[in-house]
Amino acid sequence: MTAAVDTKATGDELWGSFAGEFIQPGDVTYDEHRRVWNGAIDRSPALIARCRGVADVIAAIRFARCTALPVAVRGGGHSYPGHSVCDAGIVIDLGLMTGVRVDPQGRTARVQAGVLWGELDRATQAFGLATTGGFVGHTGVAGLTLGGGIGWLHRKHGLTIDQLLSADVVTAEGELVKASATENPELFWGLRGGGGNFGIVTEFEFRLHPIRPAVLAGPIYWPMAEAPALLRFYREWIAEAPDELMTIVMQRRAPAVDFLPAELHGQLIVAVTCCYAGAIEDGEEVLRPLKRFGSPLLDLCRPKPYVDHQSMFDAAYAHGWHYYFRACDVAQLTDDVIDVMVEHGNRIVSPVTTVGLWQMGGAVARVDDSATAFNGRHAGFTFNINGNSKTAEGFEAERQWARAYWYALAPHHTSVYVNFLMDEGEQRIRQAYGYAKYERLKALKRAYDPTNFFRLNQNIPPD
Ligand SMILES: Cc1cc2nc3c(=O)[nH]c(=O)nc-3n(C[C@H](O)[C@H](O)[C@H](O)COP(=O)(O)OP(=O)(O)OC[C@H]3O[C@@H](n4cnc5c(N)ncnc54)[C@H](O)[C@@H]3O)c2cc1C
C-alpha cells in the first residue's frame, strides 16, 4: 500500500492558493482517480493533485520539487503504457481544466489541457469548424497533440500540431511561458512532437477549419477471406485519392454491437473506414469503386454528422479493458506487407483485438520535415496492432499475437509514431525521432528541464 504524502509537512505556503483537489490513498475517490484508460496498468500514487488552473499547476510542480517524488502528468489518461500514473509518486491531473473558447470569426480555439477530443469536436462543430483530432472521443487533446496527432482530417489539413498556433507552458521551474512561432520558437518546435518532456502545457491555441456538419463517412466490411484481393485493390485505389479522403483499414472480429447484424458477430472481417472531408457528391464519386469492390458484407459509409463519426469507435476502445499495442510505419502496402496482414489477421482470437492501418500522406507530407519535432511525415501508412482483452484473462496470448504480427512486419518498418510506443526503451525513442531531431530535442531538454523532472513519458534525457 502506497503511503500518502504529508502535504502539511512539505510546506503549506506552496498549497495556499491551490484551488483543486488532493486525492490520497484511503480517500473514497482514490481508486477512481488512480485508474487510467488502460486497465492493464495498476499503479498507486502517493498523491493525485487535480488542478483547476495554471496557479494550481505551478503550485503542484513546486510542491513536487520539494518532495523529490516521481511526477506523472495526466491529460486524458490514454497513454498506452500508462505514463500518466505512477507508483508512490505524484500525479498532476489536468482533468478539471476543461475550458474551450472558440473564436468563430478568427477560426481558432483556445483549449485547456484536460479537454477530451469529443468535447472539443462538439464545441467547434457548433460553428461548423473542426481541427485534426483523434478518432476516439475520450482521448485527451493534450497528450495526443504533443506527440503529433493523426486523425480523419490529417490528409486534408495536416497533423494536429500543424494546427497549433501557441501553447502556454509551465516549466520544470514552475514558470509560465508562452511558445509560438515568435515566442520561444525552439520550445514551440519541440512541443510539436516532443511530448511532455519540456513542461506542462496548460492551454493550446488551435487553428480551425470549416468542416461541413455532414461528411460521407463510416466503415465498409468484407469477410477476412477477401482481404488479399481487397488490400491489393485498395492499394491501387488510394494511390490517386484526393486529400479529402482519409481511410483506416481495420482487421478484427466483428463486434456484437447493435449496428452490425447478429450473423456477423464474431466473424473475422476486414473493413475500410472512410471519411471524406468535402462535398458529399464528390465523396460518392471517389468512393464508388470501393463500394463496388467484391462482396461487401455491409456498407455503413454514408452521410452523417462529423461528430457522430468522431465518436463512432468510442465503445470499441472502452475504459478499463486490457490493452497492448505495437506500432510501426511502412512506406508502401507491398505484396509482402499484405501477406503479413492476411496471415496474422486470420489469427485474431479476442473479440476486442483490432488492427488499424492508417493512410498517411496528403497535407502531412507537404509540411517541411524540419518544421516540427514530429518524425515520419513521409510514411505511407501507420500500423497499430492492438492485442486487447476485456480482462486479464487471455491478455498474455493477445500480447504475444501483437508482438508476432509486429515482428513479421519488421523488414518493412520505417519510422514509428511516438504516441504509439509502449515502454520500449531509449533506442526506440531515438528511432522515433531520428538522430538529428533527437539530438536537437536533447539540447532543448537541457535548456528547459536539465534535471529531467518530467521523465515519466517517452523520455528524452538531457544528457
Ligand atoms: C483509444 C485511443 C485512441 C487513440 N487515437 C489516436 C488518434 O486517433 N490519433 C493519435 O494521434 N493518437 C491516438 N492515440 C494515441 C494518443 O495520442 C496517446 O495515447 C496520447 O498520449 C493520449 O493523450 P492523453 O492526454 O489522453 O494521455 P495521458 O495519458 O493523459 O498523457 C500521456 C502523456 O502525455 C503527456 N502529457 C499529457 N498532458 C500533458 C500536458 N498538458 N502537458 C505536458 N505533457 C502532457 C505526459 O507525458 C503523459 O504521460 C489514441 C490512444 C488511445 C488509447
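Residues numbered from 1 in each chain as written. Predicted model: local features only at pLDDT ≥ 70, side-chain atom pairs only at ≥ 80, totals over all residues. Heavy atoms only, no water.

### As for the environment of Leu264
Residue position: Leu264 is located in the loop between strand S13 (245-253) and strand S14 (268-276). Taking the C-alpha atoms as reference points, Leu264 and Arg232, separated by 32 residues in sequence, lie 24 Å from one another. Other than its neighbours up to four places away in sequence, Leu264 contacts Ala254, Leu297 and Leu298. (Helix = DSSP H or I, 4+ residues; strand = E, 2+ residues; numbered from the N terminus. Contact = heavy atoms within 4.5 Å.)

### Topic: the pairing of S13
With eight of nine residues buried, S13 lies mostly within the body of the structure. Direction of pairing for S13 relative to S14: antiparallel, over a ladder of nine bridges. Its bridge partner lying in S14, Arg253 is registered against Leu268. (Buried < 20%, exposed > 50% of the residue type's maximum accessible area, 1.4 Å probe, protein only. Pairing = 2+ DSSP bridges.)

### Comments concerning unusual backbone geometry
Positioned with a positive phi, Ala68 is a non-glycine residue whose angle comes to about 65 degrees. For Ala68, a relative accessible area of 65% corresponds to the exposed category. Positioned with a positive phi, Asn184 is a non-glycine residue whose angle comes to about 45 degrees. Under the relative-accessibility criterion, Asn184 is labelled partly exposed at 32%.

### Some thoughts on the packing of helix H14 (residues 426-433) against helix H15 (residues 435-448)
Interaxial distance between H14 and H15 falls to 6 Å at its minimum, and their mutual angle equals 110 degrees. As summarised for this structure, H14 and H15 are arranged roughly perpendicular, according to the angle between their axes. From H14, Glu426, Ile429, Arg430 and Tyr433 reach across to H15, where they touch Tyr435, Lys437, Tyr438, Glu439, Leu441 and Lys442. Its residues assigned to classes, the contact of H14 with H15 comprises five nonpolar, no polar and five charged. (Axes fitted to C-alpha atoms, helices over the stretch in contact; angles between N-to-C directions. Parallel < 35°, antiparallel > 145°, perpendicular 65-115°, else oblique. Nonpolar A, V, L, I, M, F, W, Y, C, P; charged D, E, K, R; others polar.)

### Some details on the site of the ligand
The immediate surroundings of the ligand are formed by 35 residues, with Gly75, Gly77, Ser84, Ile150 and Tyr417 found nearest. The contact in question runs from an oxygen atom of the ligand to an N or O atom on the backbone of Phe135, over 2.8 Å. Separating an oxygen atom of the ligand from a backbone N or O atom of Leu144 is a distance of 3.3 Å. Relative to its unbound accessible area of 970 Å², the ligand is 97% covered by the protein chains. Mapped by element, the contributors of at least two residues to the shell around the ligand are strand S3 (71-74), helix H5 (141-147) and strand S10 (200-207). For the shell around the ligand, the element with the highest residue contribution is H5, accounting for four residues. Partitioning the shell around the ligand into residue classes produces 18 nonpolar, 16 polar and one charged. (Near = heavy atom within 4 Å. Polar contact = N/O pair within 3.5 Å; in protein donor to acceptor, adjacent residues only side chain to side chain. Areas by Shrake-Rupley, 256 points an atom, 1.4 Å probe, with all protein chains shown as cover.)

### What about the pairing of strand S2 (residues 47-50)?
Two faces belong to every sheet, and in a regular strand the side chains alternate between them. Where burial is concerned, the two faces of S2 agree: the one with Leu47 and Ala49 and the one with Ile48 and Arg50 are both buried. Bridging between strand S1 (residues 21-23) and S2 involves three bridges; their strand directions are antiparallel. Bridged to Glu21 within S2 is Arg50. When S2 meets strand S4 (residues 90-93), the two strands line up parallel, connected through four bridges. Paired with Leu47 across the strands is Ile90, a residue of S4.

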